[in-house]
Amino acid sequence: MANCPVCQAPVDEAAAKAQTGMTPGGAKEVDPKMGTRQFHDGTWYYFDSLDCRNKFTRNPDSYLKK
Amino acid sequence: MDFGYTPQQEALRREVRQFIRDNMTPDLAEEMDVHANAERPRGTSPSAHEFYRKIYERGWLGITYPKAYGGQGGDRLTQYIVEEEFTRAGVNIALNGSGAPAIMAAGTEEQKQYYIPRLIKREISFCLGFTEPHAGADLANLKCSAVRDGDYYVINGQKMYTTAAHSATHIYLMARTDRSAPKHDGISIFLIPMDAPGITVRPLWTIQNNPTAPLPTTYGASRTNETFFDDVRVHKSCLLGEENKGWRVGSMGLNLDRVGASRYLISVRRDEDIVNFVKSTRFDGFEPGKDPAIRDKIAEMWIEAQVCRLMTMRSMSIVERGGKFTYEGSAEKVWAPEHGVRTTEAITQMLGPYGSLLRTSPHAIEDGVFAHNVMGSFQSGINHGSVQVMRDQVARRGLGMPSSRKSRKAEG
C-alpha cells in the first residue's frame, strides 16, 4: 500500500494496476476508480485521484520533499 | 482555376451516398460514429469489418496511396469527395491520424508493406502515444523512456489522452532514447502492437460523458485514455525512422495528418444541419429562417466554413504537387476548430435557452445535440496540436518570425 504524495490518502498499488478487462487490441484495462500513477525520474508514484496527480505534475519536487 | 466538380465527380458523390443509404444500419451508425461512442470501440465488430470490406471493394479506401501498398493510386480530390460523404454520415474513412503518412514517409520497405495495406483495409489501427501528463502541448519534454537492450528496447512511462487506445490494435509511440541529448534530439518513434505485455489502458472520461453525447454529436469523443508502459519489450524493427531522429518524423507525420477533409467537414456537418433545421422549423408561428439576425449569422458561419474548405483544398493541392508543406496545415488547424466553437455557440444562441439543454433535460432540442456540440467543440482546439502551438508554427514557419522565448524554451 502506497500513500498519495499529495493528500497522503492510501492507494493500493496492486489494485491500481489490476486487470479488469481487455481492449479489442489486447491491452490490459484497469478500473479508473482505483487511482492512477505517474512515472517520475524513473519511479512510479501512485495517486488516489487525477486531481492529486495534476497537482503533483505541476510541482513534483514540492511533494517529494515532504 | 475551376472550383467546381466534373460530372464524373458528381456521379461518384451520388454513388457514395447511395452506398451509404443501402448499407448503413442504425446499429452500425452507432458503432461507427466519428465522435460520440465511448463504450463501443469504434469499427471493431464483425459487421463494421464487413462494412469496411465493402467500401474497400468499391475502391474508396486509401485512394491516394500507391497500388503497391494496397491503395488506389488516385487523386486527392476524389478522396475528398468520398471522405466528405462518409463524414456526413458520421463515418471516418480517412487515414488522418492513423500513422500511415509518417510510415509512408519514414518507414522501411518492410514496414510499408506490412502496415499500409492493413491500415487501408482497417485490419489494424493506431492510436497516437505522444502527450504526457507533465508535458502537455510541449511534446519534446516527454519522459517515457526506451532503453536499448540487445535487439530490443525496454519501454517505461506513460501517455495521456491516447484517444482510441481502447479500440486500436497498435500504438504510434514517441519515446526518449537518449536522455543526455538535447530534448529534440533524443526522441524515437516506435510502432507497437497493443497486446505487447506491459501495456495498460486506463479510461479518462471527457466533458462529453455523463450524459454521453447523443449519436449525431459532431465534436469531441466522450472517452480518451491514459496508457502505461511497464517494461514493455519491443524488437528494434518496431523503430520508425532512425533512432533519436523521431522528433522530425513525428512532427512531419502530425503535419501530414492534418491534410484532408475531416477538419473542415466536422464543422460543415453542423453548419448544414442548422441551415436545414432553420429552414424547416417553426416555433409557435415564428419562422427562424425569416429572422434577419438569424439569416445574417447563418450566412456568416457559412462563409467561414467556405474559408475552411478552401484552406483544406489548398493543403491537398500542395501535397498532391509534392510542394513544401510547412505552416498550411497549422493554419487550417487554427481556423477549423475555432470556427467550430463560433458556429456551435451561435447555433445555441439562435435556438435560445432550450438550445443549451443537455440530453438529460426533457426540454432539450434534438436530444441536446446542439449543447453537446458546444462542449465538444473546445476539444478540437486542443487535440492533435493546440491552436496556440499552431499559431506559433504559423508565425515561425509561415511568417519567418523568430521563436518567442517561450517556444525556444519548449523546443530546447
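Every value quoted in this text rests on a predicted model; they were computed, and no experiment measured them. Counting restarts for each chain, with residues numbered from 1 along the sequence as it is written. For this description, chains carry letters from A and ligands carry numbers from 1, given in the order in which they are written. Restriction of local features to residues with pLDDT of at least 70 applies here, the model being predicted, together with a cutoff of 80 or more for giving and counting side-chain atom pairs; totals for whole chains, interfaces and linings are based on all residues. Note that water and hydrogens are dropped before the side-chain values are worked out from all heavy atoms of the structure.

A. Spotlight on the overall build of chain A. In this description a helix means any DSSP run of H or I spanning at least four residues, a strand means any run of E spanning at least two, and both kinds are numbered starting from the N terminus. From N to C terminus, chain A includes three helices and six strands. When the backbone C-alpha atoms are referred to their principal axes, chain A occupies close to 40 × 20 × 20 Å. Only protein chains enter the calculation, and the probe is 1.4 Å; a residue is then buried if its accessible area is under 20% of its type maximum, exposed if over 50%, and partly exposed in between. The burial tally for chain A puts 42% of its 66 residues in the buried class. A fraction of 31% describes how many contacts in chain A between residues 6 or more apart in sequence connect residues 24 or more apart. As presented, chain A carries roughly 3600 Å² of accessible surface, and 49% of it is formed by carbon and sulfur atoms. Residues count as neighbours in contact if any of their non-hydrogen atoms are within 4.5 Å of one another. With residues, only the protein chains shown are counted as cover, and all accessible areas are computed by Shrake-Rupley using a 1.4 Å probe.

B. Just helix α10 (residues 328–351) of chain B, in detail. Residues and elements named next belong to chain B. In this analysis, the expected span of each helix is defined as 1.5 Å times one less than the number of residues it contains. For α10, spanning 24 residues, the distance from its first C-alpha to its last is 34 Å, which sits close to the expected 34 Å at 1.5 Å a residue. Within α10, 19 of the 24 residues are buried, leaving the element largely enclosed by the surrounding structure. Backbone geometry just downstream of α10 places Gly 352 in the positive-phi region, at approximately 80°.

C. Fine view of helix α3 (residues 46–57) of chain B. Residues and elements named next belong to chain B. Over its twelve residues, α3 extends 16 Å from the first C-alpha to the last, a length consistent with the 16 Å expected when each residue adds 1.5 Å. Of all the positions in α3, only Ala 48, Phe 51, Tyr 52 and Ile 55 are classed as buried. Along α3, the residues classed as buried sweep out an arc of 95° about the axis, all on the same side. With respect to the buried face of α3, the exposed residues turned more than 90 degrees away are Pro 46 and Glu 57. On its buried side, α3 packs onto α1 (7–23), α2 (26–32) and α4 (76–88). Two residues or fewer after α3 comes Gly 59, characterised by a positive phi angle close to 85°. An arc is given here, and it is the one of the directions from the helix axis to the C-beta atoms.

D. A look at the interface of chain B and chain A. Listed per partner, the contact involves 27 residues of chain B and 19 residues of chain A. In the sections that follow, a salt bridge refers to a side-chain nitrogen of Lys or Arg positioned within 4 Å of a carboxyl oxygen of Asp or Glu. Inspection of the chain B/chain A interface yields three salt bridges. Residues Glu 226 of chain B and Arg 53 of chain A are paired through a salt bridge, measuring 2.7 Å at the closest nitrogen-oxygen approach. Whenever a nitrogen or oxygen atom comes within 3.5 Å of another N or O atom, the pair is scored as a polar contact, on the condition that within protein one atom can donate a hydrogen and the other can accept it, and that pairs from neighbouring residues in sequence are kept only if both atoms are in side chains. At the boundary of chain B and chain A, one finds 13 residue pairs in polar contact (both at pLDDT 80 or more). Of all the elements in the fold, those that place two or more residues in the side of chain B that touches chain A are β3 (152–159), β6 (199–205) and β7 (223–235) of chain B. When residues in the side of chain B that touches chain A are grouped by element, the largest group, six residues, is from β6 of chain B. Ten residues, namely Ala, Val, Leu, Ile, Met, Phe, Trp, Tyr, Cys and Pro, are considered nonpolar, four, namely Asp, Glu, Lys and Arg, are considered charged, and the remaining ones, Gly among them, are considered polar. Partitioning the side of chain B that touches chain A into residue classes produces twelve nonpolar, ten polar and five charged. Should DSSP find at least two bridges between two strands, the strands are regarded as paired. Judged from the two bridges that link them, strand β4 (residues 28–30) of chain A and β6 of chain B form a sheet pairing that is parallel. Bridging across to β6 of chain B, Lys 28 of chain A finds its partner in Thr 200 of chain B.

E. Geometry of the packing of α4 of chain B against helix α9 (residues 292–320) of chain B. All names here are of chain B. Under this scheme, a helix contributes an axis fitted over its contacting stretch, all axes are lines through C-alpha atoms, and angles between N-to-C directions fall in the 0 to 180 degree range. Between α4 and α9, whose axes approach to 10 Å, the crossing angle comes to 140°. Of the residues in α9, those in contact with Arg 76, Leu 77 and Tyr 80 of α4 are Arg 309, Thr 312, Met 313, Met 316, Val 319 and Glu 320. Classifying every residue of the contact of α4 with α9 gives five nonpolar, one polar and three charged.

F. Examining the packing of aromatic side chains more closely. A pair of aromatic rings is counted whenever rings of Phe, Tyr or Trp (Trp by its six-membered ring) have centres within 6.5 Å, and the orientation is called stacked for planes under 30 degrees apart, edge-to-face for over 60 and tilted otherwise. Tallied over the full model, the rule gives 16 aromatic pairs over all chains. Aromatic side chains Tyr 45 of chain A and Phe 56 of chain A sit 5.6 Å apart centroid to centroid with 40° between the ring planes, which places their arrangement in the tilted category. With a gap of eleven residues between them, Tyr 45 of chain A in strand β6 (residues 43–47) and Phe 56 of chain A in helix α2 (residues 50–58) connect regions that are remote in the sequence. Owing to a relative accessible area of 22%, Tyr 45 of chain A belongs among the partly exposed residues under this scheme. For the pair Phe 130 of chain B and Tyr 172 of chain B, a centre-to-centre distance of 5.5 Å together with 45° between the ring planes defines the contact as tilted. Taken together, the residues Phe 130 of chain B in the loop between β1 (126–129) and β2 (145–149) and Tyr 172 of chain B in strand β4 (residues 170–176) connect sequence positions 42 residues apart. The same class applies to Phe 130 of chain B as to Tyr 172 of chain B, namely buried. Through a chain of ring-to-ring contacts, three or more aromatic side chains come together here, namely Tyr 114, Tyr 115, Phe 126, Phe 130 and Tyr 172 of chain B.

G. The arrangement of the side chain of Thr 162 of chain B in detail. All names here are of chain B. Within the fold, Thr 162 resides in the loop between β3 and β4. Relative accessible area serves as the criterion here: at 0%, Thr 162 is assigned to the buried category. Not counting residues up to four positions away in its chain, the partners in contact with Thr 162 are Leu 128, Gly 129, Ile 171, Thr 224, Asn 225, Glu 226 and Thr 227.

H. Structural context of the domain arrangement of chain B. Bear in mind that the domain bounds are from an automatic or database domain assignment. Split into domains, chain B comes out as domain 1 (7–94), domain 2 (126–243) and domain 3 (258–411). Centre-to-centre, using C-alpha coordinates, domain 1 of chain B lies 23 Å away from domain 3 of chain B.

I. Here's a closer look at the state of the cysteines. Sulfur atoms of two cysteines make up a disulfide when they are within 2.5 Å. All told, the structure shown has zero disulfides over all chains when counted by the stated rule. Cys 52 of chain A carries a free sulfur, and the closest cysteine sulfur to it, the one in Cys 4 of chain A, is 3.8 Å from it. Take Cys 127 of chain B: it sits in no disulfide, and the sulfur closest to it among the cysteines is that of Cys 144 of chain B, at 12 Å. Owing to a relative accessible area of 1%, Cys 127 of chain B belongs among the buried residues under this scheme.

J. Spotlight on the pairing of strand β5 (residues 187–193) of chain B. All names here are of chain B. Burial of β5 is extensive: six of the seven residues sit out of reach of the surface. Both β4 and β5 contribute to a ladder of seven bridges, which runs antiparallel. Across the sheet, residue Leu 173 finds its bridge partner in β5, namely Phe 190. Bridge analysis of β5 against strand β8 (residues 239–240) gives two bridges, and the strand direction is antiparallel. The residue of β8 that forms the bridge with Ile 189 is Leu 240.

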